[in-house]
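Structural overview for review
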Amino acid sequence: MGIARIASLVVAACCFVVVTNAQEQERLTEPFSREVLLAKAEELSKHPYVDVIRHNAPELKLNYDQYRSIRFRPDAAIWNGENRTFTVDLFYPGFIFNVPVNINLVVSKTARRVLFTNDLFESDANALVAGPDAAYSGFRVRAPLNRPDYPDEFLVFQGASYFRAVAKGQLYGLSARGLAVRTARREGEEFPAWTNFWIERPPERADRIVIHALLQSPSVVGAYTFSAKPGNETIIDVDATLFPRVELKHFGIAPLTSMFLFDPSNRARFDDYRNAVHDSDGLEMVSGSGERIWRPLANPAALQVSAFIDENPEGFGLVQRKRNFEDFEDAEALYDRRPSLWVEPKGDWGRGHVELVEIPSEREIHDNIVAYWQPETPLPAGTPAHFSYRLRFTAEPLDTSLARVVATRSGQALQNEDQRSFVVDFRGRGPVPPDLKAEVWSSGGTVLNPRGHVLSQNGIYRESFELDPGSEDIVELRLVLTSNGKPWAETWLYRWSQ
């Protein structure tokens, strides 16, 4: 069937659907609203999990080059040619994307399924081998982001419960997820997956797009609504209602996934011409009491899991602070243009902790950093739980009212090979106050000779000290700078390990 034939079957929602008769058309149309999605998710949660029928046909086991050869036809984009601001491209099944995803378009509270067809794609490698019963593997959304006459892709949903976004001038980097389940646990991680999407047709000249999603796994069913607005910051408001099939003990709300290979603090392990390789270089938090915290990321020799206990946090995120090409010297990956991702909870999230998982990695193709909010109280089976939050894909999520950590360095102490030297640099908005006081705390070992001074070369304030770990294999460090009894800088946290 050619593209002209498909175009003749475009429904009111302007999606490409193959409709053979009135009965088939009726089957593919259903009322839809957030309430309908919640009812669907709740009903599914009352029944045992049925594994999705995966794309396991031999012809869909495409290799990387074959899959990359597949391109969605620009003229087939959903809402192409309309004054809708947004258009949608669909993703082909195959390669590592073997979970069928049902995609529906919603107009006037009526949803219609987008049926699969090869005719929406092109390939130079004869890779269009999916049969008529296949389904798409996800989609991307485009809008005029960097210039008014070109629709840049700014949002992608593909693979398990992953999604990525960028703001103006940025390149894709870290990812968000719908839900984390048993991350870094002995019993093994469970990866919930998006199985159904309902994309609302935006009004003409709309500045945001609304997307609903159904998430499924053996442990939980989730009903999600995303309201995405691209721009200098790309903002996505998320409403998530979880319906646990079993008691959820180890789970993460608003999970973020990133990559940290090395920076000047650990580059001795890597024979690489670049100065640093990472999508994010720190975990940033604002606690419920308003304390700002910076924890540099690490690529440890062994798996590390850290918990930062809090109540009703104001926000947390994985942040890329290095913004100069010279910080990386990578003309291809352009890590200086990767987004930071900040989570702002809405409502009362109660007690819990921000959990940071750092996984050893030797290659930059592997995401090895995970961060999320873990509630203190498990979610009982059969009882829904609602979480609402805002995601900000941005450069720097917080203002500069407090001095920020701009560098963390560590190495063997010059005077004693059994000790470690630490150097932490801070940059503030104004002059360094004369009454600045430093408090350095450690969970073990002994902190020696803390001292600070302003660097005449650039005005940065540098705090230095030595750590004698003694018999400790792991030491948690904390540095607080105050002036006139108030914080002058964000709190610096660090985990040293053998």
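Below is a summary of the structure that appears in this document.

Definitions and limits used
- Residues numbered from 1 in each chain as written.
- Predicted model: local features only at pLDDT ≥ 70, side-chain atom pairs only at ≥ 80, totals over all residues.
- Heavy atoms only, no water.
- Helix = DSSP H or I, 4+ residues; strand = E, 2+ residues; numbered from the N terminus.
- Expected span 1.5 Å × (residues − 1).
- Buried < 20%, exposed > 50% of the residue type's maximum accessible area, 1.4 Å probe, protein only.
- Arc of directions from axis to C-beta.
- Contact = heavy atoms within 4.5 Å.
- Core = buried A, V, L, I, M, F, W, Y, C linked by side-chain atoms within 4.5 Å.
- Phe/Tyr/Trp six-rings, centres within 6.5 Å; stacked < 30°, edge-to-face > 60°.
- Pairing = 2+ DSSP bridges.
- Axes fitted to C-alpha atoms, helices over the stretch in contact; angles between N-to-C directions.
- Polar contact = N/O pair within 3.5 Å; in protein donor to acceptor, adjacent residues only side chain to side chain.

Further remarks concern unusual backbone geometry. With a phi close to 60 degrees, Arg-182 is a non-glycine residue in the positive phi region. Inspection of the secondary structure puts Arg-182 in the loop between β11 (180-181) and β12 (193-200). For Arg-205, which is not a glycine, the phi torsion comes out positive at approximately 60 degrees. Looking at the secondary structure, you find Arg-205 in the loop between β12 and β13 (209-216).

What follows is about helix α3 (residues 34-45). Since the α-helix advances by 3.6 residues per turn, residues separated by three or four positions end up pointing in the same direction. Over its 12 residues, α3 extends 17 Å from the first C-alpha to the last, a length consistent with the 16 Å expected when each residue adds 1.5 Å. Within the span of α3, buried status applies to Arg-34, Leu-37, Ala-41 and Ser-45. Each buried residue of α3 lies within a common arc of 70 degrees when the element is viewed along its axis, so the set occupies one face. Looking at the buried residues of α3, the elements they touch are β12, β13, β14 (220-229), β15 (234-244) and β26 (385-394).

Mapping Leu-341 onto the fold places it in strand β23 (residues 340-346). For Leu-341, a relative accessible area of 0% translates into the label buried. When the C-alpha positions of Leu-341 and Glu-284 are compared, they lie 9.9 Å apart, and in sequence the two are 57 residues distant.

Next up on the list: the nonpolar core. Membership of the largest hydrophobic core comes to 86 residues, with the highest contact counts inside it found for Leu-90 and Tyr-224. Among all residues touching Leu-90, those that are not within four sequence positions of it are Phe-72, Ile-78, Ile-103, Val-114, Leu-120, Phe-121, Tyr-136, Gly-138 and Phe-139. By size, the runner-up hydrophobic cluster in this structure holds 20 residues, among which are Phe-426, Leu-436, Phe-465 and Tyr-494.

The subject of this paragraph is the packing of aromatic side chains. The relation between two aromatic rings is expressed through the spacing of the ring centres and the mutual angle of the planes. A complete count under the given rule lists 34 aromatic pairs for this structure. Their ring planes at 75 degrees and their centres at 5.5 Å tell us that Phe-72 and Phe-121 sit as a pair that is edge-to-face. Of this pair, Phe-72 sits in strand β2 (residues 70-72) while Phe-121 sits in strand β6 (residues 121-123), and the two are 49 residues apart along the sequence. By the ring-pair criterion, three or more aromatic residues cluster together here, those being Phe-139, Phe-157, Phe-163, Trp-194, Phe-197, Tyr-224 and Phe-226.

Further remarks concern the sheet that holds strand β30 (residues 446-454). Strand order in the open sheet formed by 4 strands is β27-β28-β31-β30, and the pairing between neighbours is antiparallel. Strands at the two margins of the open sheet, each flanked by one partner only, are β27 (404-412) and β30. Taking the axes of each pair of neighbouring strands and ignoring which way they run, one obtains an average angle of 15 degrees across the sheet. Direction of pairing for strand β28 (residues 420-427) relative to strand β31 (residues 461-468): antiparallel, over a ladder of 7 bridges. Residue pairing in the sheet places Val-424 in a bridge with Glu-463 of β31.

This part takes up the environment of Gln-66. Tracing the sequence through the fold places Gln-66 in helix α4 (residues 64-68). Along the chain, Gln-66 and Phe-95 lie 29 residues apart, while their C-alpha atoms are 8.3 Å from each other. What Gln-66 contacts, discounting residues up to four positions off in sequence, is Lys-61 and Ala-127.

Attention now goes to the pairing of strand β16 (residues 251-258). The buried fraction of β16 is high, at 8 of 8 residues. Bridge analysis of strand β10 (residues 175-177) against β16 gives 2 bridges, and the strand direction is antiparallel. Bridging from a neighbouring strand, Ser-175 pairs with Thr-257 of β16. Strand direction decides the pairing type here: β11 and β16, joined by 2 bridges, are antiparallel. The residue bridging Val-181 from the neighbouring strand is Phe-251, located in β16. Bridge count for β16 against strand β25 (residues 369-375) is 4 bridges, and the pairing is antiparallel. Each bridged residue has a counterpart across the sheet, and for Ser-258 the counterpart in β25 is Ile-369.

As a further point, take the environment of Tyr-49. Among the secondary structure elements, Tyr-49 is positioned in the loop between α3 and α4. Taking the relative accessible area as the measure of exposure, Tyr-49 reaches 25% and is therefore partly exposed. With 170 residues separating them in the primary sequence, Tyr-49 and Ser-219 have C-alpha atoms 7.9 Å apart. Not counting chain neighbours up to four residues away, the residues in contact with Tyr-49 comprise Gln-216, Ser-217, Pro-218 and Arg-245. A polar side-chain atom of Tyr-49 sits 3.2 Å from a polar atom in the side chain of Asp-51.

This brings us to the side chain of Arg-84. Along the chain, the position of Arg-84 falls in the loop between β2 and β3 (87-91). Look at Arg-84 and you get buried, because its relative accessible area is 12%. Side-chain polar atoms of Arg-84 contact the side chain of Glu-82, separated by 2.7 Å. Among the polar contacts made by the side chain of Arg-84, one reaches the main-chain carbonyl oxygen of Pro-202 at a distance of 3.2 Å.

What follows concerns the side chain of Asn-196. Here Asn-196 shows up in strand β12. By relative accessible area, which is 11% here, Asn-196 ends up buried. Looking at Asn-196, its side chain comes within polar contact range of the side chain of Thr-195, at 2.8 Å. Excluding its chain neighbours within four sequence positions, the residues that come into contact with Asn-196 are Asn-102, His-212, Ala-213, Leu-214 and Gln-216.

No statement about biological role is implied by the geometric values presented.
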